[in-house]
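Chain by chain, the residues:
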Amino acid sequence: MSYKTLDATKTYLITGAAGFIGFYLSKKLLEKGCRVIGIDNINGYYDVNLKYERLEKLNPFENFTFIKGNISDKAMIMETFVEFKPNIVVNLAAQAGVRYSIENPDVYIESNIIGFFNILEACRYNPVDHLVYASSSSVYGSNKKVPFEETDFVDHPVSLYAATKKSNELMAHTYSHLYKIPATGLRFFTVYGPIGRPDMAYFDFVDKHFKGEPIKIFNNGDFKNDLYRDFTYVDDIVEGIERLLSNPPSIIIEERGEKSVHHRVFNIGNNSPEKLMTFIRTLEKALSNALGRKVEFDKLFESLKAGDVPATYASTDKLQEVVGFKPSIGIEEGLQRFADWYVKYYGVK
């Protein structure tokens, strides 16, 4: 398999740099000597202390420049592109969360639609080598065929968040076609790890344990027909993104001699689904190891919620074919790293 490795001479613009994946990607690129321009608005969707903690780990790098701003601010985005002339752009800034999109739809349109439009416009007027952007596994909606493949039908999103991510794919496809912007969308499947997002189930389970509250499990207590999910450790996700950065879609010369740039979409996940209850037991064991005492969550079993499907996991064959992506960190190792970090960071006993 032949693909270009990371080019440390390029300038990388990463939006959402104080976010979970954005932080890990920025850190890895900086460790390899790349110049990284990070943008983040440090919104209060979850504990901003975690975002500042991530930035504190990036600030010592001389090649890191941070801009506090919102990608929905078109003037700021345009000025940033003109000043820093990024070669490769990774758009990870977005309002996340499926259920939150029901309560606060406005911020999803502002960040995920208007913000992404501004990024596309900036790439249009300031040509880049490659635009990589975050889509989501949520675009598959209530599809029942598993594993999910990139060629599956994705026109029935079941949340506004999913609709905005599907819209991103359509917008990027259009801009690639019209303005020859090499663009790659990534459909992320449940990403976890240290200094992650507190709104994610694994993090919330541990929070609830220390608050003395039960965790809610939406599988009717049915252990034989448990839910299957694709849990992907953040280092594996970052490895996949890094491999893609210097490998944009190829330019095709059409019959009329016109240049056309392909827009691609990849699943990026673990490709190894785990039963939800297996994941929870593994998390209990990891926390027990970190604390030096036995931990067992108080569990409250509830019915499946509307839109929930029994199995959600990715086929990553396409990404493996292009850049050799193959996740290597299982849930035992990944959850132990998370549990160790959590115990140390929060000082729990």
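Here the structure is a predicted model, which means the values were calculated and not measured.

### Observations concerning the layout of surface pockets
Right, so step 1: There is about 190 Å³ of room inside the second largest pocket.
Right, so step 2: Taken together, Phe23, Tyr24, Lys27, Lys28, Glu31, Lys57, Ile195, Asp235, Val238 and Trp341 make up the full set of residues lining the second largest pocket.
Right, so step 3: Elements represented by at least two residues in the lining of the second largest pocket include exactly helix H1 (20–31) and helix H8 (234–245).
Right, so step 4: Here the element with the most residues in the lining of the second largest pocket is H1; it accounts for five residues.
Right, so step 5: When its residues are assigned to classes, the lining of the second largest pocket shows five nonpolar, no polar and five charged.

### Section: the pairing of strand E4 (residues 88–91)
Right, so step 1: The side-chain alternation of E4 yields two buried faces, one formed by Ile88 and Val90 and the other by Val89 and Asn91.
Right, so step 2: With four bridges connecting them, strand E1 (residues 11–15) and E4 associate as parallel partners. Bridge pairing in E4 places Leu13 opposite Val89.
Right, so step 3: Of the strand pairs in this sheet, E4 and strand E5 (residues 130–136) are connected by four bridges, and their pairing is parallel. Bridging from a neighbouring strand, Ile88 pairs with His130 of E5.

### Section: the packing of aromatic side chains
Right, so step 1: Per the stated rule, a full pass over the model turns up 30 aromatic pairs.
Right, so step 2: Measuring from centroid to centroid gives 5.5 Å for Tyr192 and Tyr233, while their planes differ by 70°, and the two rings are edge-to-face. One end of the pair, Tyr192, is in strand E7 (residues 191–192); the other, Tyr233, is in strand E10 (residues 232–233), and 41 residues separate them in sequence. The same class applies to Tyr192 and to Tyr233, which are both buried.
Right, so step 3: Ring centres of Trp341 and Tyr342 lie 6.3 Å apart, and the angle between their planes is 80°; on these two criteria the pair is classed as edge-to-face. Side by side, Trp341 and Tyr342 carry an identical accessibility label, which is buried.

### A word on H1
Right, so step 1: Counted at 1.5 Å a residue, the expected span for H1 with its 12 residues is 16 Å, and the 17 Å between its end C-alpha atoms agrees.
Right, so step 2: Burial runs high along H1: nine of the 12 residues are buried.
Right, so step 3: Those residues of H1 that sit buried are Phe20, Ile21, Gly22, Phe23, Tyr24, Leu25, Ser26, Leu29 and Leu30.
Right, so step 4: Positive phi shows up at Gly33, right after H1, with a value of about 90°.

Parameters at a glance
Residues numbered from 1 in each chain as written. Predicted model: local features only at pLDDT ≥ 70, side-chain atom pairs only at ≥ 80, totals over all residues. Heavy atoms only, no water. 1 Å grid on protein atoms, 1.4 Å probe; cavity = no way out; pocket = protein on both sides within 12 Å on 5 of 7 lines; lining within 4 Å. Points joined across faces, edges and corners; volume = space filled by probe spheres on them. Helix = DSSP H or I, 4+ residues; strand = E, 2+ residues; numbered from the N terminus. Nonpolar A, V, L, I, M, F, W, Y, C, P; charged D, E, K, R; others polar. Buried < 20%, exposed > 50% of the residue type's maximum accessible area, 1.4 Å probe, protein only. Pairing = 2+ DSSP bridges. Phe/Tyr/Trp six-rings, centres within 6.5 Å; stacked < 30°, edge-to-face > 60°. Expected span 1.5 Å × (residues − 1).

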